[in-house]
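Tertiary structure, described
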Amino acid sequence: NYLMRTLLFVASQVTSIRALSTTRSSWRQSVNFDALNQLAFALRRPQCLIPHLSLGHINEIDFLLLKKSGIQAICFDKDNTLTLPYQFEPAPLVSVAINNAIANFGYENCVILSNSAGSTLDDPYSIDAKRTETAIGLSVVRHKRKKPDC
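None of the values given here were measured: they were computed from a predicted structure.

What follows is about the confidence of the model for the protein chain. When pLDDT is averaged across the protein chain, the result is 78; 75% of the residues are at 70 or more. This model gives residues 1-28 a pLDDT under 50, and the stretch forms 59 contacts once residues within four places in sequence are excluded.

Glancing now at the nonpolar core. Counting 20 residues, the largest nonpolar core has Ile58, Phe63, Ile74, Phe76, Leu82 and Leu138 as its most contacted members. At the level of secondary structure, the elements contributing two or more residues to this core comprise helix H3 (63-68), strand E2 (73-76), helix H4 (94-105), strand E3 (110-112) and helix H5 (127-136). A per-element tally of this core places H4 first, with 5 residues. Setting aside residues up to four positions removed in sequence, Phe63 forms contacts with Ile74, Phe76, Ala97, Asn100, Ala101, Asn104 and Phe105.

The next subject is unusual backbone geometry. Here the phi dihedral of Asn80 falls at roughly 70°; this positive angle occurs in a residue that is not glycine. With respect to the helices and strands, the residue Asn80 is situated in the loop between E2 and H4. Unusually for a residue other than glycine, Leu93 sits at a positive phi of about 75°. Mapped onto the fold, Leu93 is located in the loop between E2 and H4. On the basis of relative accessibility, which here comes to 59%, the residue Leu93 falls in the exposed class.

Reading the values: rules and limits
- Residues numbered from 1 in each chain as written.
- Predicted model: local features only at pLDDT ≥ 70, side-chain atom pairs only at ≥ 80, totals over all residues.
- Heavy atoms only, no water.
- pLDDT = per-residue confidence, 0-100.
- Contact = heavy atoms within 4.5 Å.
- Core = buried A, V, L, I, M, F, W, Y, C linked by side-chain atoms within 4.5 Å.
- Buried < 20%, exposed > 50% of the residue type's maximum accessible area, 1.4 Å probe, protein only.
- Helix = DSSP H or I, 4+ residues; strand = E, 2+ residues; numbered from the N terminus.

Printed below as a string of structure tokens:
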């Protein structure tokens, strides 16, 4: 579909923060059966697991180059990419990458897709999504199914 064709999903290959979350809220996420199905698919086709790009920090992304190569929009993961798990404020230095993405793609073409914020399973009243939008300044996609099937 159009959304999946045009969004660059910046999550799997770029992890700007590595932290363990032991907060009570971390236990509330349900089992992600869609992800388990995708894992089974990937195990049958291991060539799908090879990253096309690997960077040490989100600020290493060249958003201008992505724009010039035809990418039309940017979709960020929240936890461990923009924020610490289950936190709402952006991690240090992440604001630089967010501002670069907005400068190159426009605010309306930069969104956050997260299982912890915006998912009707884990955030049914969009409370975490709204807090994330306020703290980071990007829209959070509301979705019924968890990544990767949302």
